[in-house]
Amino acid sequence: MAALNLRTRLDSIPTPEESFAEMFGDSGEAVLVKPLKISDLAPYPDQPFRPYSPDKLKLLAEDIRQNGILSPVIVRPMPPDMERRYDYYQILSGHNRVAAAQLLRMETVPAIIKEVDDDLARLILVNTNLNQRDELLPSEKAFAYRMQMDAMKHQGQRTDLTSRPLVEKLMAKNGAEHEDINFSSNGAKVHTVASMAETNNESAAQIKRYVRLTHLVKDLLDKVDTGNLPFRAGVDLSYLSEDEQMEVDAYLLETRRKISLEQAAALKRYSAELGPITRNDIETLFQEGKTERQPAIKLTQKNLFQLRQFLPKGAKNQEAIAYILEALKYYNLAQQMDRKVPLELPGFEP
């Protein structure tokens, strides 16, 4: 089994002070590390990052057994709530280190305690995972970028920032240029996507594509994660309504077919230009060489009046449709018999 890049080697891991300064800049605050009981720690709720697999967690536990936890976890103090009737600490960075320590039946872990608000808590959670994890699923990046974007936008709307120097250091350290952060009397305004692109070494367009994936229904997003749906195809399908996406997913599941980038782009275009796509649209699209939707047929009042002249008197909707279909079949049959003059239904204007 390949060795993990867990940043716990003695020759590569910085001191706790260096680690914190690297992530958040030198704010002038002392970085204190203290042992905390694992029983007093709680995971961050609804985070986008999946825990390590059992095998990967065992590798991490073995590394910790040999070397100890050289990179402290980062936590913030939390007051009692409905679930916990006592003061506790919420893990912002180091969920897998805590889980590995539990495997080893350790009672405490070294921790950096920071009193931060919800926005900074989200930024710490996202930035540490994006910077330290070697492999992330598309869905993990998608929801991480969305969480990062929401937190940064909210920071820009705040007028009661208690950690403004820390915010400045955080943004600057992670690549935001001076003009990307403009503090005014109304609070911090951050050019979010541009700053995120620099922070995460991604293009602004790619950041937006990842965030679009959060609009995919779960089954389609799972297909992107497993490689059964191309990333860019998933981005295009994210513009469909939830019902349309479920229709596409049902078709792919039933037929065991895969959708191409061209087909996904066509479905996006159909939905935007011609209204909600149907199962028939999807089936037509998957026919070889079909990339354009048939134009919709719209009947005017004049058309309907003309048709009504040749329908049985008192015919209801379904009867009228059946009658028209039979007439068209007769007309097509005449064409197939190579008639020089196609049979015309009496009464229709040429």
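Look up: the structure comes first, before these words.
Criteria and thresholds
- Residues numbered from 1 in each chain as written.
- Predicted model: local features only at pLDDT ≥ 70, side-chain atom pairs only at ≥ 80, totals over all residues.
- Heavy atoms only, no water.
- Helix = DSSP H or I, 4+ residues; strand = E, 2+ residues; numbered from the N terminus.
- Expected span 1.5 Å × (residues − 1).
- Buried < 20%, exposed > 50% of the residue type's maximum accessible area, 1.4 Å probe, protein only.
- Arc of directions from axis to C-beta.
- Contact = heavy atoms within 4.5 Å.
- Pairing = 2+ DSSP bridges.

Remarks on helix 12 (residues 261–274)
Then, in step 1: Taking 1.5 Å per residue as the helical rise, helix 12 with its 14 residues ought to reach 20 Å, and the 20 Å between its terminal C-alpha atoms agrees with that figure.
Then, in step 2: All of the buried residues along helix 12 are Gln263, Ala264, Ala266, Leu267, Tyr270 and Ser271. For helix 12, the angular spread of buried residues about the axis comes to 160 degrees, placing them on one side. Among the exposed residues of helix 12, those oriented more than 90 degrees off its buried face are Glu262, Ala272 and Glu273.
Then, in step 3: Against the buried residues of helix 12 lie helix 10 (231–237), helix 11 (242–255) and helix 13 (279–285).
Then, in step 4: Taken from the residues just after helix 12, Gly275 is the one with a positive phi, measuring 95 degrees.

Remarks on the pairing of strand 4 (residues 88–93)
Then, in step 1: In terms of burial, strand 4 is a largely internal element, 5 of the 6 residues being buried.
Then, in step 2: Sheet topology places strand 2 (residues 41–42) next to strand 4; 2 bridges connect them, and they run parallel. Within the sheet, the bridge partner assigned to Leu41 lies in strand 4 and is Tyr89.
Then, in step 3: As paired strands, strand 3 (residues 73–78) and strand 4 are joined by 5 bridges and run antiparallel to one another.

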